[in-house]
Amino acid sequence: MNGKKIYVTSPSLPDLDEFIPYLREIWESKWLTNNGGFHQRFENLLAEYLGVPYVSLFTNGMMALQIGMQALRITGEVITTPFTFAATTHAIHWNSCKPVFCDIEPETCTMDPDKVEALITPQTTALMPVHVYGNPCHHEKLQKIAVTYGLKLFYDAAHAFGVKQDGISICGRGDLAMLSFHATKVFNTFEGGALVTRDPAMKKRIDFLKNFGFADEVTVVAPGSNGKMDEFRAALGILNLRKVEEGIARREAVAGRYREALQGVPGITVPQDIAGVRHNYAYFPVRIHAGEYGMTRDELYEKLKKDGIMSRRYFYPLCSSFPTYRGLPSARPENLPVANEVAGEILCLPIYADLTEEEQEKVIDGIVEQ
Ligand SMILES: *Cc1c(COP(=O)(O)O)cnc(C)c1O
C-alpha cells in the first residue's frame, strides 16, 4: 500500500477563517446554548432550505429519534426496516417499544410497503421507515396504510438531506422526520440532528421535550431529556449550509464517473438515479454478485482494504441479526429474504465532495483489475 488511505467519506468543512469570527461572537456573548442567536438563525435557514414549515435542532440524530418517538407518544410495536444504521432500531428499544422488522424491496432497499400490513397487530402504533441511501420510501403507500390503521408515520431521513422528489424535499414527509448532521453525512454540524414537522403544536412539544420538559421556568410538562444543539454547531451549520449544494453537485460528478467505469463490469450492479428524484449522492452502494464477478463481496472488501481503500458494508450486519433483536420472530432470516440477500452483496464505495479523480481512479482500478 502506498499513499494515504481513502475513506468511504470525508466531512465537508468551511474555511477555518470563516468560522473564527463566529466563535468570537459566541465568546463575547457568552451565550453558549439554549436557543441562542445562531441556533435561531440556523433553524430558520434550514426550514427555508428544506422548504418545510418547522425544524427543531438536536445535539445528534439519535436524540432526535428518541425524542420524536416520545413526542408522537409511540408505544407497543413499531414496524421498521432491518436495513439501516443501528440507531433506528435502538431508538425503538430505548422507548421500551418492540421493533417489528419488515423486509425491504430490492430496487431502493427501503421498507417494502406491500409487506407491512401482514405485520400489523393490535399493539402496532407506528411505522418507522428509512430513506436509506437517500432513496425515497414509497410514501404514498405507507401514508395510506398509516391513515387506514391509525398509525404514526415517523421517517428516519438521516440520509435524505437535500433529496427532492418532483421538486419537493422528502424531509417534510410523515408525521415527523428525523435528520442527522453527523460528520459522516452529506451535511454536517460536527454532530447534530433535527426533527421536521408541519404542525406548530408538535414543534412546541418537541422543543419542551428536548429541554427536560420545561415549558417555562416553573412548568415541566413532560419527562423530557436533553437534546439541545449548542451555538458552536449551529454556527458551523450556517456556514456549511452555504456549501451544501456545491457539495452535492461534486458528489454527483463522482457518482457519474463510477457509473461510467463500473456499469459494464460483469457481476457488479451500480445504483441508478430514480426518475423525478434529485439525489444527494450520499452513498454509492454497488452490489457484488460473486458468481459472475469472480470474488465475493467480503473478498473484494478485504482486497480494497489492503490497497488502502476503506469501503464499507452498509448495512451489514442487519439490525435484525444483532444479539438484542435476533430472537424476535420478525427477525428470522426467512422473514427477511431480500434484506439478507442485499446485506450479503452490498458495498459502499468512497464518495465525498473532495474525492479527487486520481483517488477515484484508484478505487475503480481496484474493482476492475482483479
Ligand atoms: C447516522 C444515522 C443515524 C444517527 O444519527 P446520529 O446523528 O449519528 O446520531 C440514524 N439513522 C440512520 C439511518 C443514520 O445513518
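Owing to the predicted nature of the structure, the values given are computational and were not obtained by experimental measurement.

(A) Broad picture of the pairing of strand β6 (residues 152-156). Taking burial as the measure, the 5 residues of β6 include 4 buried ones, the bulk of the element. As paired strands, strand β5 (residues 124-128) and β6 are joined by 2 bridges and run parallel to one another. Paired with Ala126 across the bridge in β6 is Lys152. For the crossover that starts at β5, traverses helix α5 (residues 139-149) and ends in the parallel β6, the hand is right-handed. Here β6 pairs with strand β9 (residues 176-180) via 3 bridges, running parallel. Among the inter-strand pairings, Phe154 is bridged to a residue of β9, identified as Leu176.

(B) Region of the structure containing the pattern of salt bridges. Applying the stated criterion across every chain, the model contains 18 salt bridges. A salt bridge links Asp273 to Arg259, with the shortest nitrogen-to-oxygen separation between them at 3.1 Å. Here Asp273 is found in the loop between β13 (268-269) and β14 (277-278), whereas its partner Arg259 is found in helix α8 (residues 244-262), with 14 residues between them in sequence. For Asp273, a relative accessible area of 36% gives the class partly exposed. We classify Arg259 as buried; its relative accessible area is 15%.

(C) Focus on α8. Counted at 1.5 Å a residue, the expected span for α8 with its 19 residues is 27 Å, and the 27 Å between its end C-alpha atoms agrees. Residues Val244, Gly247, Ile248, Arg251, Val254, Ala255, Tyr258, Arg259 and Leu262 constitute the buried set of α8. Within α8, the buried residues cover an arc of 140° as seen down the axis, which keeps them to one side.

(D) Here's a closer look at the site of the ligand. Taken together, the neighbourhood of the ligand is formed by 15 residues, with Gly61, Asp156, His159, Ser180 and Lys185 sitting nearest. Contact between the ligand and His159: an oxygen atom at 2.8 Å from a side-chain N or O atom of the residue. Within the side chain of Ser180, an N or O atom sits 2.7 Å from an oxygen atom of the ligand. Secondary-structure elements contributing two or more residues to the shell around the ligand are α3 (61-71), α4 (86-94) and β9. Classifying every residue of the shell around the ligand gives 5 nonpolar, 8 polar and 2 charged.

Parameters at a glance
Residues numbered from 1 in each chain as written. Predicted model: local features only at pLDDT ≥ 70, side-chain atom pairs only at ≥ 80, totals over all residues. Heavy atoms only, no water. Buried < 20%, exposed > 50% of the residue type's maximum accessible area, 1.4 Å probe, protein only. Helix = DSSP H or I, 4+ residues; strand = E, 2+ residues; numbered from the N terminus. Pairing = 2+ DSSP bridges. Right-handed = clockwise from strand over helix to strand, strands pointing away. Salt bridge = Lys/Arg side-chain N within 4 Å of Asp/Glu carboxyl O. Expected span 1.5 Å × (residues − 1). Arc of directions from axis to C-beta. Near = heavy atom within 4 Å. Polar contact = N/O pair within 3.5 Å; in protein donor to acceptor, adjacent residues only side chain to side chain. Nonpolar A, V, L, I, M, F, W, Y, C, P; charged D, E, K, R; others polar.

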